Amino acid sequence: MSAILRLFWTFLKIGLFSIGGGYAIIPLIREQVVANSGWISSKMFTDIITISQMTPGPLAVNTSTFVGLQVGGIAGAVAATVGCVLCGIVICLLLHRFFQRHQSSIYVFEVLNGLKSASLGLIVSAAATIVLTALWGAQSVPISDAFSLLNGTALAIFSIALLVLRRWKPNPMLVMLASGVAGLLLYS
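Residues numbered from 1 in each chain as written. Predicted model: local features only at pLDDT ≥ 70, side-chain atom pairs only at ≥ 80, totals over all residues. Heavy atoms only, no water.

A. The environment of Gln 32, seen in detail. In this fold, Gln 32 is placed in helix 2 (residues 26-36). Counting along the chain gives 18 residues from Gln 32 to Ile 14, while the straight-line C-alpha distance between them is 8.2 Å. Contact partners of Gln 32, with chain neighbours within four places excluded, come to Thr 10, Lys 13, Ile 14 and Ser 37. (Helix = DSSP H or I, 4+ residues; strand = E, 2+ residues; numbered from the N terminus. Contact = heavy atoms within 4.5 Å.)

B. Looking closely at unusual backbone geometry. The backbone of Lys 169 shows a phi angle near 50 degrees, a positive value even though the residue is not glycine. Along the polypeptide, Lys 169 turns up in the loop between helix 7 (152-168) and helix 8 (172-187).

C. Representation of the pattern of salt bridges in the model. Scanning all chains against the criterion turns up one salt bridge. Of the charged contacts, one joins Lys 43 and Asp 47 as a salt bridge, the two residues approaching to 3.0 Å between their closest N and O atoms. Separated by four residues within a single helix, Lys 43 and Asp 47 lie in helix 3 (residues 42-54), roughly one turn from each other. Among the residues examined, Lys 43 registers a relative accessible area of 54% and is labelled exposed. (Salt bridge = Lys/Arg side-chain N within 4 Å of Asp/Glu carboxyl O. Buried < 20%, exposed > 50% of the residue type's maximum accessible area, 1.4 Å probe, protein only.)

D. Examining the environment of Ala 77 more closely. Within the secondary structure, Ala 77 is located in helix 4 (residues 59-101). For the pair Ala 77 and Phe 66, spaced 11 residues apart in the sequence, the C-alpha separation amounts to 6.5 Å. Among residues more than four places away in sequence, those in contact with Ala 77 are Thr 65, Gly 68 and Leu 69.

Rendered as structure tokens:
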């Protein structure tokens, strides 16, 4: 039972301290479940992020559900999901009341601009983490070894998918499915 409570508490903290949601929350979740707790590996976390993007619903909620499922089964998934969304629901209700009362304040407007900037930094960090893990298989790569450690197959799949998405603009789900099939065939 303590694992379930730890999942709930961890994701409650993540939900409380995450600003920006979506991709901005990925570094925080990774730090807690991979680096601090060691519940899952970095590779599994990248796989969970990929699956979370393909399933309907918010990325943070999907990620917390899949991590909870890996760590504590169904009860872990419920605990992690509830922990992740509980603070957000309470904070949204409180903020709604606050903004209704202070909707014309310049100070409130400036605070929101600062939060937008912080969210951008978190999104860039999440993108770097995903690219490093996908193309180099590590969270950090020495510059001197960057070319020799680069996974050419992963780079080719990424480049082709990016080209197809930018040039012909198909449904991204189809491109993700095709990339998964290509990875399955090329890595088997």
